[in-house]
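# Report on the structure
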Amino acid sequence: MDQDGDVVVFSCNDHHIKTFKKMEGYRKDSKLCDIILVVGEKRLKAHRLVLAAFSDYFSALFTGELCEKGQSVVHLTDMDPQAVEDLVQYAYTSHVEIRVDNVENLLSVSCILQIDEVKEACSEFMEHQLHPSNCLGIRAFADGHGCSELYKIADAFTKERFVDVVKNQEFVLLSSECVARLISSDDLNVSSESQVYDALCVWAEHDKESRKKLLPRLLGLVRLPLLAPEFLVDKVEMSSLFRDISSCRELVIEAMKYQLLPKRRFQLQNARTTPRKSTVGKLYVVGGMDSSKGAIQIERYDPRKNQWSVVSPMVTRRLQFDVAVLGGNLYVVGGRDGLKTLNTVECYNPRTKQWGPVPSMSTHRHGLGVATLNGPLYAVGGHDGWSYLSTVERFDPDTKQWSFVAPMTTARSTVGVAILNGRLYAVGGRDGSACLSSVECYDPHTNKWSVTCPMLKRRGGVGVAVLDNFLYALGGHDAPASQDCSRQFDSVERYNPNTDQWTMVAPMINCRDAVGAACLGDRLYAIGGYDGSKYLSAVESYDPEKNKWEEVASLNSGRAAACVVSVSSDAVAS
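Let us look at the structure shown here. These numbers come from a predicted model, not from an experiment. Along each chain, residue indices are assigned from 1 in the same order as the chain's sequence is written. Two thresholds apply to this predicted model, a pLDDT of at least 70 for residue-level local features and 80 or more for giving and counting side-chain atom pairs, whereas whole-chain, interface and lining totals are computed over all residues. Values reported for side chains reflect all heavy atoms of the structure, with hydrogen atoms and water molecules removed beforehand.

## A look at the packing of aromatic side chains
Pairing of aromatic rings covers Phe, Tyr and the six-membered ring of Trp, with a centre-to-centre limit of 6.5 Å; geometry is then stacked below 30 degrees between planes, edge-to-face above 60, and tilted otherwise. Counted by the stated rule, this structure contains 18 aromatic pairs. Ring centres 6.2 Å apart and planes at 45° place the aromatic pair Y331 and F395 in the tilted group. Remark: F395 occurs in strand 15 (residues 388-396) and Y331 occurs in strand 10 (residues 329-333); sequence separation between them is 64 residues. Buried residues are those whose accessible area, probed at 1.4 Å on protein chains only, stays under 20% of the maximum for their type, while exposed residues exceed 50% and partly exposed ones sit between those limits. The exposure class assigned to F395 is buried, which follows from its relative accessible area of 1%. For a Lys NZ or an Arg CZ to count as sitting over a ring, it must be within 6 Å of the ring centre and within 35 degrees of the ring normal. We note R211 situated over the ring of W203; from NZ or CZ to the ring centre the distance is 4.1 Å. Where helices and strands are cited, they refer to DSSP runs of H or I of at least four residues and of E of at least two residues respectively, numbered from the N terminus.

Okay, structure coming up:
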C-alpha cells in the first residue's frame, strides 16, 4: 500500500490468482459460460473473454468478422480433443501437464491456438527426449509445425549422432529427399566417408527394388573420391546395388581418377572432393607472444563446430619456437625462454594430453622452422643467440637422434617451412640485414638445397602452408618492427612448383605479421598475428575455388608467432 497525503493506492498481489480460481470454478459448474467448444466427442464449456485473452486464435475468432463471432457453439477440427481440454484448463489455471504420451498433441494444438509459451515448453520437453531412435521423427515434427528452435536442435543432434541414428528404424523409413538432405551435409559427425556410404547401402537395401532408381543421385552425394582406393575397389565397385547402373559406375571411375592422379586433384575439385568437417582433423595453436609476453596455452579448433577450446598448457614457456606433427604427436622444438635460446624439445600427445621429453637438438635455435618429411623431423635455420643460422638438423624418430644435413644457401631466422612434393621448402625470413624474398628447397635423396623462384615480396615472420599442391606465403613484414618503415602485410602469394612461379591471390581481411598458417581439409587458415598495434585473436579461412577469405571463430586470446599444426581426427582425443 502506497500513501501520498490523502490518497492511498492499494494493490493485491494475489488478486489475479483468486480471480482466475473463481472463474475456473464457474467453468466447472457451467456458470456464466457463453461458449461451447466441440472437439470430437468432447463439449467444453468456457468463457469467451478468458479464451480470447490467452489465445490469439480465439481472440480473432470471437472479436473479428468471422461467422463464429456470434455463435454459442464452435466446432474445432483437426485438433486432439484431450489437448484442447488441457489447454482450456491451462487458460484458467496456468498449469498443464506435459508427458511423453501427450507432448506432440499439445505442441500441435498450441501451434494452432497460438499459445507460444506452451509451444516453447513442449519444444523444450522434446529436446530432452532426443535419442538416436527418435531424433529424425522429432526433427520432422518440428519442421512441420514451424518450431524452428526445436528443428535446429534436433537437426544438430541427428548430425552429431549420425553413426547411431542410421542404425534405427526411423532412418530406413526416410524418404529419398530426406536422405539426400542428410547425407549432403558437411556437418555429419563421421570419422570416415565410408560410414556415409554404409548408411546409404543400409537405406537402399531396406526396399531394394523401389529404391534402386534413386541411387545414382544419392551415391553422387557420397564423397567417393575421399574413400580409400581399396574400399572403392572391394566394396563400392563390387556392390550389387551400384555395379549395374552406368551413372554409378561413372562416379566410381571419377573417384579412382582422383586417387590415382594426386597432382591433378586441383583440376578435379567438385562437391564430392570436399571433405566433411569431422574428417579433416583439428587445428592446434601452441604458444606465441601475447600481452603477457608469452602464451602458454594450447588451443584446438573444431571446424564442424567452428569453435576454439583450450586443451592444455605448455610445460615450458617458450617464444619463437616451432611445432611439427610426428606420429600424431606435437613436437615443440627450440625457441627462447626470455633469457636464453633453447635446444630442448618436448612432445605432446593430443590423445592423452600428456607431455614427454625428447632428445635435444645439437644447436640452440629460436626463430627456426620445423617440418616432418618422409618420417624424420627437420629443424631449419633460426638464430642461436649470436648469429643467424643456415644449418639444418634432422631428428630420426626410430633412433631418437639428431644429425646435421646440408645447410641452406642462406642463413634465415623467422623462416617459414613447408613440405611440397617430397621436398622441404624454406621461405623468406630474415638474414640479419634485411627481410628475404628468396626461397630454397631441400631434396632428402640428394641432400642438397636448390634455390627456387623468389617471392614477389620480402617477408619476415611469414606464415606458410601447402594446399592442393600449391605453397602459400601469408602476411609477414618487410623490415624489423623497431623501424619506422616496418609494415605488416595482408597480402598472400602462391607458388606453383610446376611453373616455378609465384602469383598474388586475394589478400587477407587483416594485416598480419608473425601469422600462424595451416591447412585443414580444403581450406587455408590464417591465425592470430600482429597488426602493428595489437596481438590478434581473429582467424580467417581461404577458399581457393572462390579466391576469398572469410572470418571464422576467433581464438580465446590474441597471440602472434603462434605455432599452428593440423592433426588428423584419429590422433585427437574426443
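Following the structure, the description resumes.
## A look at the state of the cysteines
By definition, a disulfide links the sulfur atoms of two cysteine residues through a covalent bond. In this description, a disulfide is simply a cysteine sulfur pair whose atoms lie within 2.5 Å. As enumerated under the stated definition, the model contains zero disulfides in all. The cysteine C135 is free of any disulfide, with C178 supplying the nearest cysteine sulfur at 12 Å. Here C441 is not disulfide-linked; the sulfur of C453 is the nearest cysteine sulfur, at 12 Å.

## Description of the pairing of strand 9 (residues 322-326)
Burial runs high along strand 9: four of the five residues are buried. At least two bridges found by DSSP between two strands are what make those strands a pair. Here strand 9 pairs with strand 10 via five bridges, running antiparallel. Within the sheet, the bridge partner assigned to A324 lies in strand 10 and is Y331. Following strand 9, the chain reverses through two residues before pairing antiparallel with strand 10; G327 in that reversal takes a positive phi of roughly 65°.

## Topic: a negative patch on the surface
What makes a patch is a set of residues exposed beyond 30% relative accessible area and free of salt bridges, joined within 9 Å when like-charged and within 5 Å when nonpolar (Val, Leu, Ile, Met, Phe, Trp, Tyr). The accessible surface values rely on the Shrake-Rupley method and a 1.4 Å probe; as for residues, cover is taken only from the protein chains in view. When a carboxyl oxygen of Asp or Glu is within 4 Å of a side-chain nitrogen of Lys or Arg, the pair counts as a salt bridge. Only four residue types enter the charge count, namely Lys and Arg as positive and Asp and Glu as negative; His and the chain termini do not. Here the site of a charge means NZ on Lys, CZ on Arg, CG on Asp, or CD on Glu. Negative charge collects at one region of the surface, where D56, D116, E117 and E120 lie side by side. Along the chain, the position of E117 falls in helix 6 (residues 116-128).

## A word on the sheet that holds strand 14 (residues 377-383)
Pairing is antiparallel across the open sheet formed by four strands, whose spatial order is 13-14-15-16. Bordering the open sheet on either side are strand 13 (369-372) and strand 16 (401-405), each of which pairs with just one other strand. Averaged over all neighbouring strand pairs, the angle between strand axes comes to 25°, with direction disregarded. Here strand 15 pairs with strand 16 via five bridges, running antiparallel. Paired with D396 across the bridge in strand 16 is Q401. Whenever a helix is involved, its axis is fitted only over the stretch in contact; in every case the axis is a line through C-alpha atoms, and angles between N-to-C directions fall within 0 to 180 degrees.

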